[in-house]
Each structure stands twice: as C-alpha cells, then as structure tokens.
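# Fold and contact review
Okay, here's what each chain looks like letter by letter:
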Amino acid sequence: MSRPFLTGYCLLIYAFLLAPILVVVGASFNAGAFLTFPPQGLSFRWYVTFFNNEVFMRAIRTSLWVAFVTMIISGVIGTMAALFHVLHARRSKDVVRIAMLAPLLLPEVLTAISLLFFVYAIGIGTQNMVGMIIGHVLITLPFVFINVSASLESFDPSWDMAARSLGAPKLVRFRRIMLPMIKSGVIGGCLFAFIISFDIFTISFMLKGVGTSTLPIQLFDYLRTNFTPEAAAVSTVSIVLTLTVVIISEKVLGLRIHRF
Amino acid sequence: MTEVSIEKLTKSYGNARAVNAISMKIAEGEFISLLGPSGCGKTTTLKMIAGFEDVTEGAIRFDGQDVVNTPAEKRDIGMVFQNYALFPHMTVEQNLAFGLEMRKVPKPQMRERIAKVLDMVQLKGYEARYPRQLSGGQQQRVALARALVIEPKILLLDEPLANLDAKLREEMRVFIRDLQRRVGITTVYVTHDQAEAMTMSDRVVVMFGGRIAQIGSPTDIYERPENHEVAEFVGQVNLVEAKVESVGEGTATVTSPLGNFILPTKISVKPGNMVSLALRPEAIELSMATAGQPAATVLASYYSGALMDYRLKLDNGDELHAQTFPVNRFAEGDRVALHAPAERFWLVGVAQ
C-alpha cells in the first residue's frame, strides 16, 4: 500500500480515538450551565467550581493515594515475580507467566465480584481501603511483571558472573549490577501501575469503602444527577494527570514501556 | 602465584558427561590453553575452575587447597568473558574499581592500582568513558584490566578474542601473551582456534568429547601428535600409504612413494602390514624432478603472499598438499621431486 494512503489511514484512526477526548476538553471550558459542545463561550468557571468542590477534592486525593500504594505494592511483588520467572523458574516458567497475566484475561467485573465475596469471606470487608487496594494490585500486577520481565530478558548473565568473579556477594550484585540494568523496566512498570490504578472503575465500584470514593466513582455518581461542564473539567484534569505521568516517563526518564 | 591441580574432574548432565574425569597440573605462572571443537567440554572445565558450574566429581586445587566447595566470589579469580561483560552503566574506572571495592581497598591505593593497570593495557585517559564509547579491542583490554587489577590467584579467559576482527585478534594474542609474562600470573585460556593456542601457550590441552586427547607444548602437539584426531585439529595433514618391510625395537622400516624410512612406532605392526604415514604440508620440499627420486605432478598451485600451496598428484594416484616458500615456483603440470625428512613423518595406523 502506498505511503500517503497509510498516513491518511493512521490519521483517521487517531481522529476517531482522540475526537471524544478533545470534545470533553473543549466542553470543560464551557461558560454555560450545561454540558454541551461546541461550548457556549469560554471560561474557567467549572474548573474553579471543581477545585472548590470538597467531594471531588477528597476523591482525587483518595485516587492518588490508592494509586500510589498500589504502585508500591505491585512494584515490589511484580518485580520479585519477574525475577523468579526469568532467572529461576524452569519447569514452572509457563505456569508462572500465565498465572501472572491471568488478571488481564479475565473480565474485570468477574474479578471484582469474586473479590467482593473474598474480602467478606476473610473478614476484611469494605469498611476500609484494603479490599480495594488488593483489587487494584491484582489488576496492575501484570503490567509490572511484563515490563520487568522484558528488561530482565536483556540482562546478560555474564554480567552477574563477572561481578561474582570480582568477589561480589549476592545482595551486592543485585543492588549494584542487576537493579541498575532493570531500572527502566521497574520504573516503567510502576508508572503503568499508577496510571491504571488511577483509572480503575469496576473494582473500585464494588470494593470501595464508606467515604473512599475514587475520582472515577465520584464522577460517575455526579453524572447520575448533574450534567454540568464540571464533569468535563474533572475528566480533563484526570487526562492531564495521566498524560503528565506518560510524558515524564517517556521524555525525562527516556523509558521504553512495554505494555504487552 | 598459584599452582592449579585438577584431579578426575567430571561434569554430568543427567547421563551425558560434558567433562569426563580429566586431570592436569598447571604450574605457577604457566599459560595453558584448553583447545578443542565446540562441545568438547573446555568451557565447562573453565567454568568449574571459576566456580560457575558445580562439580559432579573430582577435585580442583589451588596451591593444594580444594576449592570445589568455595563459591565463585571467594575463589579469587580474574575472568575475561567472550563478550567482555563490562558493566554498561559504569565508567571504565568504576568497572575497574568494582572488584577493589569488594576487597575494601582504601581509596588512594585503589586509584594507584587502577592507574597502574590502565597503563599496562595502554588505556590511560579512558577512565571516564563508558564501555559503549570504546571499540571492541579497547573493551577487551578493559575487561583484561578489570580481571587483573584485583591481583587474582589465576586468570581465566573464555575465548576472549572470538569477537574481534582478524588483524586485531593477532595483535591481541601478542598483547595478552606479553602481559601475562610480565604479570606472571597462572592463566587458563579457552579457545577453539589452534593458531591462538599455539602462539600463546606454554602448554596446550587438546580436548575431544569431554576427555583430554593430549597435553603438551605447542611443538609436541603439532609435531608429535598423540593421534590422528589431534594432528588434524591443530593443522593440515597428508596421509601416505606405506608398507612395513621389517620391524625393529620400537621402530619399523617402511617403503612409501616418498621413499623408505625407519620410523619410531607406538603401535604394533608386522612386516607386510599396510600403514598410513602422516606428514605436514610444510614438511615437503619441492625441486625440479630428476631421475631416481620420488616425484609428483603439480595439479594446482595457490599463491598467498608469504607461502605457496601446491596440490600434487603422486604416480600411484594419491594426492598430497605441500606448502613451501615461494622461492622456486612451479606451474600446473610440472614434474617435481619430493623431499621429506624421516623425522617429519609419523605412523598413524594400520590399514585393514
């Protein structure tokens, strides 16, 4: 196929994917009282409303906190799983990989319902954030696992042997040789965990505790009764936050993130 | 300086024996090469000496002390890998400092030792470079420096020149050999390249199928190979049919198209046996044919600058390969006389 045709085709796909987002961003600057597009006049009034809305502010803090905790837990567990998978697993290699990727293959709503039964069965319940965070960790774990595994595949075992011959014990080799080389995979995986956790709806919806609504849940609640451009402002802030993380990871850290 | 002794060293993977009860002694400061085709067990042997492979059976002793149960990080060895294995996230200086830090060498002393070893490998001024900013040959020398700066008991090299181009490889051979002589460190060198093993080593260990075929000086290996396999692996060999006329005390008198000789023999032969004589191509000298001398016809000649290679046809139809200096040159179809001294022949076996 010719180059101009392919270029045009790609542009169409991008337009299809991005147009709704642009509409939302555009609608957030609406001066009117209703969520319409094109906007009726330009104004930041809905952003002001949003930043003064204590309910939304609490939700965004909850989301950031949950995403942060999820990232740390997923980062540690996912990295350890990847280390085992690439370096030590022999016969169990395929089983480990499939088990780690299973959360991606199951419908999120199924995972959410099962988890709901599970947290009550073991007595955690949904009074606090623990159940929700367990769910988030489950969903984000595969992304850490994939990223760290990929960076480990390019780790040359002779580096480790060289360090051994130079007299470095196991922990020193991990800290000074292996960790620096898989750093990009670990950080990339963690950022992914953060972004995805920030975005999770179904799990949060089922497992949220009293007063622990995350931003997507709060937005959903809000839209059930209101239809103002404030919703668009919330979405835009959420998009900007996610984009910032992606841009930081791509540009500043120069990472290659493996999603699959 | 350390003496290494290996006794009945064996490595099994299931029922397969990668290394099969090999024994050798490596003297203090000796440069020894493990030479053989891939899969002969040379690298496995090296890895067992380094401590990267478990030993199935047998002993490895450094100065009489068995190190089989000592982990690699405590064996005090310097190792150079085929792909150099320099730490890519560290500068040359940090790479060299790594082993010294593990040994808790004080900073000023560390700087001194790094400077000294960089001088030895002619890389002064490269301290701040990263491995990716260096050429293959330079990386090779950094790897060598990193192994030597810790002043290890023994130096192990695993096909270190395999990734370099031909010209650099020859330079590095001489470089490594000279450096090893100067430092005086006991060295084990693994290679499948016979020229490398011959030019660098005090002794060569030829290995086939997990066993030692022959241990000896490069001259021994080349001129007095234990068997035909060794002879073929370390160079080209001609085989000439001959007939045993009489047998003496450890010798046999044979007649061949290249003349009659009395040769020492390790195998038992009887008068009347047909045997094969082995002869290196460069042991044959050629001159214009005169009557009464063993002669052949030139089938083809190849000029390679320093040497001439000839494909010759004996009158009985057998072909020979001869290699001479291009002083007298012969053309296709020329009749040439063959001269080969008796001491350059060896007897390799009885034809059935």
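Residues numbered from 1 in each chain as written. Chains lettered and ligands numbered in written order. Predicted model: local features only at pLDDT ≥ 70, side-chain atom pairs only at ≥ 80, totals over all residues. Heavy atoms only, no water.

## Thoughts on the UniProt feature "transmembrane region" (unreviewed entry) in chain A
All names here are of chain A. UniProt's feature table lists "transmembrane region" (unreviewed entry) at residues 12-37, 64-87, 99-123, 129-148, 185-207 and 227-249, given in the numbering used throughout. Summarising residues 12-37: 65% helix, 0% strand, and an end-to-end C-alpha distance of 21 Å. Spanning residues 129-148, this segment combines 95% helix with 0% strand, and its end C-alpha atoms are found 27 Å apart. (UniProt positions renumbered as here; feature names shortened; annotations may be inferred. Helix = DSSP H or I, 4+ residues; strand = E, 2+ residues; numbered from the N terminus.)

## Considerations on the sheet that holds strand β4 (residues 57-62) of chain B
Residues and elements named next belong to chain B. Taken in spatial order, the four strands line up as β2-β1-β4-β5 in an open sheet, and their pairing is antiparallel. The outermost strands of the open sheet, each flanked by one partner alone, are β2 (16-26) and β5 (65-66). Relative to β4, strand β1 (residues 4-13) runs antiparallel, the two sharing five bridges. Counterpart to Glu-7 in the pairing with β4 is Ala-59. The sheet strands contacting helix α1 (residues 42-50) are β1, β2 and β4, and the helix crosses β1 at an angle near 115°. (Pairing = 2+ DSSP bridges. Contact = heavy atoms within 4.5 Å. Axes fitted to C-alpha atoms, helices over the stretch in contact; angles between N-to-C directions.)

## Digging into a nonpolar patch on the surface
Residues and elements named next belong to chain A. A grouping of Phe-5, Leu-6, Tyr-9, Ile-13, Tyr-14, Phe-16, Leu-17, Leu-18, Ile-21 and Leu-22 is seen on the molecular surface, where their side chains present a nonpolar patch of about 1100 Å² in accessible area. Along the polypeptide, Leu-6 turns up in helix α1 (residues 3-28). When its relative accessible area of 38% is taken as the criterion, Leu-6 is described as partly exposed. (Patch = residues over 30% accessible without salt bridge, like charges linked within 9 Å, V, L, I, M, F, W, Y side chains within 5 Å. Areas by Shrake-Rupley, 256 points an atom, 1.4 Å probe, with all protein chains shown as cover. Salt bridge = Lys/Arg side-chain N within 4 Å of Asp/Glu carboxyl O. Buried < 20%, exposed > 50% of the residue type's maximum accessible area, 1.4 Å probe, protein only.)

## Considering the UniProt feature "domain: ABC transmembrane type-1" (unreviewed entry) in chain A
UniProt records the feature "domain: ABC transmembrane type-1" (unreviewed entry) at residues 60-249 of chain A, using the numbering of this structure. Measuring from the first to the last C-alpha atom of residues 60-249 of chain A gives 21 Å, for a span that is 82% helix and 0% strand.

## Let's talk about the confidence of the model for chain A
Should pLDDT be low for a region, the predicted coordinates there are not to be read in detail. Here chain A averages 87 in pLDDT, while 96% of its residues score no lower than 70. Here helix α11 (residues 230-252) of chain A stands out as the element of chain A with the lowest mean pLDDT, 83, in contrast to helix α7 (residues 157-165) of chain A, whose mean of 94 is the highest. (pLDDT = per-residue confidence, 0-100.)

## Topic: the pattern of salt bridges
Overall, the coordinates contain 18 salt bridges over all chains when judged by the stated rule. Ionic pairing is found between Glu-151 of chain B and Arg-113 of chain B, a salt bridge with its closest N-O pair at 3.8 Å. Taken as a pair, Glu-151 of chain B in the loop between α4 (136-149) and β7 (154-158) and Arg-113 of chain B in helix α3 (residues 107-120) lie far apart in primary sequence, 38 residues in all. Among the ionic pairs, Arg-344 of chain B bridges to Glu-282 of chain B, the shortest N-O distance being 3.9 Å. Taken together, the residues Arg-344 of chain B in the loop between β19 (335-339) and β20 (346-351) and Glu-282 of chain B in the loop between β14 (274-279) and β15 (285-288) connect sequence positions 62 residues apart. Through salt bridges that share partners, Asp-160, Arg-164 and Arg-173 of chain A together with Glu-73 of chain B make up one connected network.

## Some details on the UniProt feature "domain: ABC transporter" (unreviewed entry) in chain B
UniProt records the feature "domain: ABC transporter" (unreviewed entry) for residues 4-234 of chain B in the present numbering. Secondary structure across residues 4-234 of chain B comprises 37% helix and 26% strand; the distance between its end C-alpha atoms is 25 Å.

## Observations regarding helix α3 (residues 54-88) of chain A
End to end, α3 of chain A covers 50 Å across 35 residues, agreeing with the expected 51 Å (1.5 Å per residue, within 8%). By the N-cap criterion, in which a side-chain oxygen at the helix start approaches the backbone nitrogen of a residue two or three places on, α3 of chain A is capped by Asn-53 of chain A, the distance to Val-55 of chain A being 3.0 Å. (Expected span 1.5 Å × (residues − 1). Polar contact = N/O pair within 3.5 Å; in protein donor to acceptor, adjacent residues only side chain to side chain.)

## Quick notes on the domain arrangement of chain B
All names here are of chain B. Along its sequence, chain B is carved into domain 1 (4-233) and domain 2 (238-351). Between domain 1 and domain 2, the C-alpha centre-to-centre distance is 39 Å. With seven residues of domain 1 at the interface, the matching set in domain 2 holds six residues. Summed over both partners, the interface of domain 1 with domain 2 buries about 620 Å², with 46% contributed by carbon and sulfur atoms. Seen at the junction of domain 1 and domain 2, the total is zero salt bridges. Where domain 1 packs against domain 2, one counts three residue pairs in polar contact (both at pLDDT 80 or more). (Domains from an automatic or database assignment. Buried area = accessible area lost by both parts, 1.4 Å probe.)

## Examining the packing of helix α6 (residues 130-153) of chain A against helix α8 (residues 170-199) of chain A
All names here are of chain A. Contact pair α6 / α8: the axes reach a minimum separation of 8 Å and the direction vectors enclose 155°. Our classification of the angle between α6 and α8 gives roughly antiparallel. Every pair of crossing elements has a handedness; the one defined by α6 and α8 is right-handed. Here His-136, Ile-139, Thr-140, Phe-143, Val-144, Asn-147, Val-148, Ser-151 and Leu-152 of α6 lie close against α8, whose contacting residues are Met-178, Ile-182, Gly-185, Val-186, Gly-188, Gly-189, Cys-190, Phe-192, Ala-193, Ile-196 and Ser-197. (Parallel < 35°, antiparallel > 145°, perpendicular 65-115°, else oblique. Left-handed = near helix turned anticlockwise from the far one by under 90°.)

## Some details on the interface of chain A and chain B
With 18 residues of chain A at the interface, the matching set in chain B holds 22 residues. Together chain A and chain B conceal approximately 1800 Å² of surface at their shared face, both sides included; 65% is due to carbon and sulfur atoms. Summed over the shared surface of chain A and chain B, the result is three salt bridges. A salt bridge links Arg-164 of chain A to Glu-73 of chain B; the nearest nitrogen and oxygen atoms lie 3.0 Å apart. Across the chain A-chain B interface, the total number found is seven residue pairs in polar contact (both at pLDDT 80 or more).

## Some words on the pairing of strand β16 (residues 295-303) of chain B
With three bridges joining them, β16 of chain B and β19 of chain B adopt antiparallel strand pairing. Bridge pairing links Ala-296 of chain B to Val-336 of chain B in β19 of chain B.

## Quick look at the sheet that holds strand β17 (residues 308-314) of chain B
All names here are of chain B. Read from one edge to the other, the open sheet built from five strands follows the order β15-β19-β16-β17-β18, with strand pairing classed as antiparallel. Both edges of this open sheet fall to β15 and β18 (319-324), since each of them pairs with a single strand only. Averaged over all adjacent pairs, the angle separating strand axes in this sheet is 45°, with direction ignored. Both β15 and β19 contribute to a ladder of four bridges, which runs antiparallel. Bridge pairing links Met-288 to Val-336 in β19.

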